[in-house]
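Next come the chains, spelled out residue by residue.
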Amino acid sequence: RRAALPGQRQVELTELAEAVRSGSAALFSLPPAELDLVGSFFQRCVAREPEMAVRMLASDSFRPEVLRRPAEAVRLLRSVVAKAPGPSDELERCRVRIVSALLMMGDLDGVIEEGETLLREPVQPARRRIALLNLSYAYFAQNRSSEALAAIDEAIRIAEETGMEYDAWQCRCQRAIYVAIDGVPDSAIPILREGIAYLERADAGDLSLDSVVIQANLGLAHLLAGDPASAERELKKADQAAR
């Protein structure tokens, strides 16, 4: 028989198990009481020192949490952005993160609304490129192909002009799969292959998440081109890399 755990201890163990399952557990962790202190502190920051709260959510340390729980991240980011005292580099980063998180949630209307609003303002080039990349996907998913291509072409131009070749290949490959789905898969296949090769070289031979996604898109392009054997080969590579 299993011994019953005291209520608080059971809660702590349940929270730890969830953290391990989700990948958020770290060598340094705070017990619930300290986490409660941090939560209270952050609430006061939002109310009294919103610029500090913006800096915290703009930090690279917050990015994994956006990826892990985008819906909660959007609510938190919006609450902080609404209280921000004025334009800043950190505020811009938070607004771009909202666009990215909305896309992870599949909220295409939200991506378009937030993305178009953001891009009507002056935005730092790298973040403008990220917003355009997300916006192009939302347009394409809503069958607005011409707008999707215009957005991704601008993203490619920004990446090229700022010397961000890795990012340029991400954008080129995204454009290629649009073209493949729109009926010209044969022209997309060599671009996707070249993109995978470049990203693998840039990642020192490792398959990054970007490479895996592009590998899967290459499989889709082969399928659309009427070559199921090549499609299966590429999709198996993507599946194995993802595993």
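Here the structure is shown first, and the text comes after it.
Residues numbered from 1 in each chain as written. Predicted model: local features only at pLDDT ≥ 70, side-chain atom pairs only at ≥ 80, totals over all residues. Heavy atoms only, no water.

Our focus in this paragraph is the overall build of the protein chain. Looking only at helices and strands, the protein chain features 13 helices and zero strands. Element order for the protein chain, N to C, with α for helix and β for strand: α-α-α-α-α-α-α-α-α-α-α-α-α. Among the 243 residues that make up the protein chain, the fraction classed as buried is 36%. Across the protein chain, every contact between residues at least 6 apart in sequence was considered, and the portion connecting residues at least 24 apart equals 55%. Summed over its atoms, the accessible surface of the protein chain is roughly 14,100 Å², and 55% of this surface lies on carbon and sulfur atoms. (Helix = DSSP H or I, 4+ residues; strand = E, 2+ residues; numbered from the N terminus. Buried < 20%, exposed > 50% of the residue type's maximum accessible area, 1.4 Å probe, protein only. Contact = heavy atoms within 4.5 Å. Areas by Shrake-Rupley, 256 points an atom, 1.4 Å probe, with all protein chains shown as cover.)

Here we come to the packing of aromatic side chains. Under the defined criterion, the tally for this structure stands at two aromatic pairs. Seen in terms of ring centroids, Phe140 and Tyr178 are 4.4 Å apart; in terms of plane orientation they differ by 15°. Their pairing is stacked. Here Phe140 is found in helix H8 (residues 125-141), whereas its partner Tyr178 is found in helix H10 (residues 165-181), with 38 residues between them in sequence. Each member of the pair, Phe140 as well as Tyr178, is classed as buried. Sitting above the plane of the Trp169 ring, Arg172 keeps its charged end 4.7 Å from the centroid. (Phe/Tyr/Trp six-rings, centres within 6.5 Å; stacked < 30°, edge-to-face > 60°. Lys NZ or Arg CZ within 6 Å of the ring centre and 35° of its normal.)

A few words now on the packing of helix H9 (residues 145-161) against H10. In the contact formed by H9 and H10, the axes pass within 8 Å of each other and the chain directions differ by 160°. Classified by the angle between their axes, H9 and H10 sit roughly antiparallel to one another. Crossing geometry of H9 relative to H10 is assigned as left-handed. When H9 is examined against H10, the residues Ala148, Leu149, Ile152, Asp153, Ala155, Ile156, Ala159 and Glu160 are found in contact with a partner set consisting of Asp167, Ala168, Cys171, Arg172, Gln174, Arg175 and Tyr178. (Axes fitted to C-alpha atoms, helices over the stretch in contact; angles between N-to-C directions. Parallel < 35°, antiparallel > 145°, perpendicular 65-115°, else oblique. Left-handed = near helix turned anticlockwise from the far one by under 90°.)

Inspection of the secondary structure puts Arg129 in helix H8. By relative accessible area, Arg129 is classed as buried at 8%. Side-chain polar atoms of Arg129 contact the side chain of Asp167, separated by 3.5 Å. The contact partners of Arg129, leaving out residues within four places of it in the chain, are Ala155, Ile158, Ala159, Asp167, Gln170 and Cys171. (Polar contact = N/O pair within 3.5 Å; in protein donor to acceptor, adjacent residues only side chain to side chain.)

Once that is clear, we can look at unusual backbone geometry. A positive phi angle is found at Asn143, which is not glycine, with a value near 60°. Residue position: Asn143 is located in the loop between H8 and H9.

What follows covers the nonpolar core. Residues Leu57, Leu77, Val80 and Leu192 are the most contacted members of the largest nonpolar core, which totals 56 residues. Looking at this core element by element, the count peaks at eight residues for helix H6 (residues 89-105). Discounting residues that sit within four places of it in the chain, Val80 has contacts with Phe42, Val46, Pro50, Ala53, Val54 and Leu57. (Core = buried A, V, L, I, M, F, W, Y, C linked by side-chain atoms within 4.5 Å.)

With that settled, the discussion passes to the pattern of salt bridges. A side chain of one charge can pair with a side chain of the opposite charge if their charged atoms are brought near each other. Applying the stated criterion to the full structure yields 21 salt bridges. Linking Asp60 and Arg93 is a salt bridge whose minimum nitrogen-to-oxygen distance equals 3.6 Å. Here Asp60, found in the loop between helix H3 (50-58) and helix H4 (63-68), pairs with Arg93, found in helix H6; they are 33 residues apart in sequence, far enough to count as distant. Judged by relative accessible area, Asp60 falls into the exposed class, the value being 60%. (Salt bridge = Lys/Arg side-chain N within 4 Å of Asp/Glu carboxyl O.)

Tracing the chain through its elements places Ser136 in helix H8. If sequence neighbours within four positions are ignored, Ser136 has contacts with Ala148, Ala151, Ile152, Gln174 and Tyr178.

Below, the discussion takes up H3. Listed as buried for H3 are Pro50, Ala53, Val54, Leu57 and Ala58. All buried residues of H3 fall inside an arc of 135° around its axis, so they share one side. Where H3 is buried, its residues meet helix H2 (32-48), helix H5 (70-83) and H6. (Arc of directions from axis to C-beta.)

A separate point is the environment of Leu91. With respect to the helices, strands and loops of the structure, Leu91 is situated in helix H6. Separated by 33 residues in sequence, Leu91 and Ala58 have C-alpha atoms that sit 7.2 Å apart. Aside from chain neighbours lying at most four places away, what touches Leu91 is Val54, Val81, Ala84 and Gly86.

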